[in-house]
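If you want the building blocks of each chain, they are given just below.
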Amino acid sequence: MALDLLTVAPDYPLDLLTPAQMGAVDAQAALAGLVVFDLMDRAGTEVAEVVQTRWTPRPVLVLCGPGNNGGDGWVAARRLRDAGWPVRLVSLVPLSALTGAAAAHAARWSAPVEVWEGAGPSLGETALIVDALFGAGLTRPLPPAVRRWLARTTALPLVAVDVPSGLDGGTGVPLGWAPQAALTVTFHRYKPGHFIMPGKSLCGDLHLIDICIPANIRPPDRIETQLNHPRLWQTALRPPRLADHKFTRGWAMIRAGHPESGGMAGAAILSSRAARRVGAGLVSLVTPAALSDWPGTMVTTKPWADACAEKRATGFLLGPGNGVSPATAAAVLAAAATGAPLVLDADALTSFAGDADRLRRGLAGPCVLTPHEGEFARLFAGTPVDLTQGRLSRARQAARWMGATIVLKGPDTLIAHPDGRVIVQPWAPPALATAGSGDVLAGIILGLMALGISASDAAAAGVWLHAAAGQRAGAHGMIAEDLVDFLPEILDKFIEKSLY
Ligand SMILES: NC(=O)C1=CN([C@@H]2O[C@H](COP(=O)(O)OP(=O)(O)OC[C@H]3O[C@@H](n4cnc5c(N)ncnc54)[C@H](O)[C@@H]3O)[C@@H](O)[C@H]2O)[C@H](O)CC1
Ligand SMILES: [K+]
């Protein structure tokens, strides 16, 4: 879903429902008098509408499974046929095996039906496949013949009903395997698997259809996964106040350019510029070597331990360009012991590879960790975090165990909190995958935390503002420095004018 991140109030429901929660909503909807037959009718009709909007009429093969996902397929096939499309319908099971609303809609299909046999149907003239095999109800891998058939048809566009069959909507991880869809049409609420890799990629373009389940019908348990949205954190961003002076706007300290990393300070300089752009009153680069940067960044060559002992910082960042070493680990623990807000990235994380428990025990204040996939795996290897699980589960486990906010970076950045909540960034421009981009993100989060914003708000806002700056920079030629330069105009959109 390519989203306009520069919009202050993009319109989409935030809650991501697991298949079990969606099932509970369906069940409650039935108790509230909504008829499954009607919901299915709306679902399948909208699938047919979306298909007709995207493609001109062409031979379509609709694959219908044994449950309600298949039921949606029967409706979509009927609507397409009524609209004059050449439609073949293939049922995975004999019609006598269908029950409930799916059986009722199957009975309304008046054209021939092919029942799946052996290796599956011939393709013939087929130019488009509608996959209504399994949706939320899939509990085990696809039957092998179905998997082989779908794997042979990858040259044809596939429209997935609810999810590409085989994808676990709760996690974004295929149960063995799932086809690549050109388009996925889902109903009522998005599911985590629509936004978490590899599911996010397998779904193709995503369409959410309102099938008229009232919003007050909610699952009985807590919704723990949400999409990121400005309304989650916008009121936490604050403009400068009349009575502010630089010390009331926070003092961020960044460890930079240490000899074990060859004295490389570029990463920390990028972070410092980002922290200043989002409003930190003062930013100090603490470095053993003399550095020059914009005149507004303070550079101090005092020992890191002294900078920590002064207890003047309202936020520390370690990692960018620090080098992986015991000295970096010791510097992290010195900052962590102060209890001041802490952001750890890159080498500060990898310096605890195999020793994450020491970091965990050392954290005395709010902390945001910003690993990418590789840093995450190195840091949490050997901990209770089960690295065989998908990204959502791993990020959630890691945040709980570490007692810190984890920003697990990627095309589907996840912001996991120690209380079990996970915020998923709905979209970010792929051009953000460039050197220095992560240093800017760490600096944004640092700057916000140094201003007094909570770890959870700073992380969610930081991920959004960073992605929005990437969008503003455009698809081509963006470098990390540009992200920093676009931050003022991005902030101007998101800081409420009424606060000035
Ligand atoms: N969300 C809504 O309000 C609506 C959703 N609809 C659609 O209904 C499906 C969910 O339907 P459900 O019947 O619960 O599940 P499935 O169709 O996915 O399949 C369940 C069916 O399949 C069997 N099964 C599971 N895995 C396998 C397997 N690997 N091999 C063989 N059989 C398998 C399982 O035992 C069941 O019998 C949702 O996705 C929407 O598309 C409705 O339209 C109503 C409104
Ligand atoms: K499906």
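In this text, all values refer to a predicted model and were calculated from it rather than measured experimentally.

1. Brief notes about the pairing of strand E15 (residues 405-408)
Burial along E15 is two-sided: Thr 405 and Val 407 and Ile 406 and Leu 408, pointing in opposite directions, are all buried. Of the strand pairs in this sheet, strand E14 (residues 367-369) and E15 are connected by two bridges, and their pairing is parallel. Residue pairing in the sheet places Val 368 in a bridge with Thr 405 of E15. In this antiparallel pair of consecutive strands, E15 and strand E16 (residues 414-416), the connection spans five residues.

2. Comments concerning the sheet that holds strand E13 (residues 342-344)
Taken in spatial order, the 10 strands line up as E8-E17-E16-E15-E14-E13-E12-E9-E10-E11 in an open sheet, and their pairing is mixed. Taken across any chain shown, the strands that pair with only one partner, and hence form the sheet edges, are strand E8 (225-227) and strand E11 (298-300). The sheet shows a mean angle of 20° between the axes of neighbouring strands, taken without regard to direction. As paired elements, strand E12 (residues 315-318) and E13 share three bridges and run parallel to each other. In the strand pairing of E13, Leu 317 is matched with Val 343. Sheet strands touched by helix H9 (residues 326-337): strand E9 (251-255), E12 and E13. Its angle to E12, the strand with the most contacts, is close to 170°. Packing against the sheet, helix H15 (residues 455-473) makes contact with E14, E15, E16 and strand E17 (422-424), and its axis sits at approximately 15° to E15.

3. As for the site of ligand 1
The full set close to ligand 1 counts 30 residues, and Gly 67, Asn 68, Asn 69, Gly 135 and Gly 137 are the nearest of them. For the shell around ligand 1, the elements supplying multiple residues, two or more each, are helix H1 (19-31), helix H2 (36-54) and helix H3 (68-82). Among the elements that make up the shell around ligand 1, the one with the highest residue count is H3 (five residues).

4. Topic: the nonpolar core
If you look at the biggest cluster of nonpolar residues, it comprises 107 residues, and the most contacted ones within it are Ala 252, Val 368, Ile 406 and Ile 445. Taken domain by domain, this core gets at least three of its residues from each of domain 1 (19-222) and domain 2 (230-499). Those residues in contact with Ala 252 that lie beyond four places of it in its chain are Ala 275, Ala 280, Val 283, Ala 313, Gly 315, Leu 317, Leu 446, Gly 447 and Ala 450. Counting 50 residues, the second largest nonpolar core, distinct from the first, contains Trp 116, Ile 129, Val 161 and Leu 202.

5. Thoughts on the sheet that holds strand E3 (residues 114-115)
Where strands meet in a sheet, backbone hydrogen bonds hold them as pairs that are either parallel or antiparallel. If you trace the seven strands from one edge of the open sheet to the other, you get E3-E2-E1-E4-E5-E6-E7, paired in parallel fashion. Unpaired on one side and paired on the other, E3 and strand E7 (205-209) mark the two borders of the sheet. Sheet topology places strand E1 (residues 60-64) next to strand E2 (residues 87-91); five bridges connect them, and they run parallel. The partner of Cys 64 across the bridge, within E2, is Ser 91.

6. A look at the confidence of the model for the protein chain
Residues with a pLDDT of 70 or more make up 97% of the protein chain, whose mean pLDDT is 94. Scored as a whole, the predicted complex attains pTM 0.95, and scored at its interfaces, ipTM 0.95.

7. Topic: the UniProt feature "domain: YjeF N-terminal" (unreviewed entry) in the protein chain
Listed under "domain: YjeF N-terminal" (unreviewed entry) in the UniProt record, and renumbered for this structure, are residues 22-219. Counted over residues 22-219, helix gives 32% and strand 16%. Its end C-alpha atoms are 7 Å apart.

8. A look at unusual backbone geometry
The residue after Met 197, namely Pro 198, is reached through a cis peptide bond having omega 0°. You can see Pro 198 is positioned in the loop between strand E6 (183-187) and helix H6 (199-202). Residues other than glycine seldom take positive phi values, yet His 188 does so here, at roughly 70°. Among the secondary structure elements, His 188 is positioned in the loop between E6 and H6. The exposure class of His 188 is buried, given the 21 C-beta atoms found within 10 Å. One non-glycine residue, Lys 311, lies in positive phi territory at about 55°. Along the chain, Lys 311 turns up in the loop between helix H8 (304-309) and E12.

9. Structural notes on the domain arrangement of the protein chain
Domain assignment breaks the protein chain into domain 1 (19-222) and domain 2 (230-499). Distance from the C-alpha centre of domain 1 to the C-alpha centre of domain 2: 41 Å. In this assembly, eight residues from domain 1 lie in contact with nine residues from domain 2. In terms of residue class, the side of domain 1 that touches domain 2 is built from five nonpolar, two polar and one charged.

What counts as what
Residues numbered from 1 in each chain as written. Chains lettered and ligands numbered in written order. Predicted model: local features only at pLDDT ≥ 70, side-chain atom pairs only at ≥ 80, totals over all residues. Buried ≥ 20, exposed ≤ 12 C-beta atoms within 10 Å, placed from the backbone. Helix = DSSP H or I, 4+ residues; strand = E, 2+ residues; numbered from the N terminus. Pairing = 2+ DSSP bridges. Axes fitted to C-alpha atoms, helices over the stretch in contact; angles between N-to-C directions. Contact = placed C-beta atoms within 7 Å. Near = placed C-beta within 6 Å. Core = buried A, V, L, I, M, F, W, Y, C linked by C-beta atoms within 7 Å. Domains from an automatic or database assignment. pLDDT = per-residue confidence, 0-100. UniProt positions renumbered as here; feature names shortened; annotations may be inferred. Nonpolar A, V, L, I, M, F, W, Y, C, P; charged D, E, K, R; others polar.

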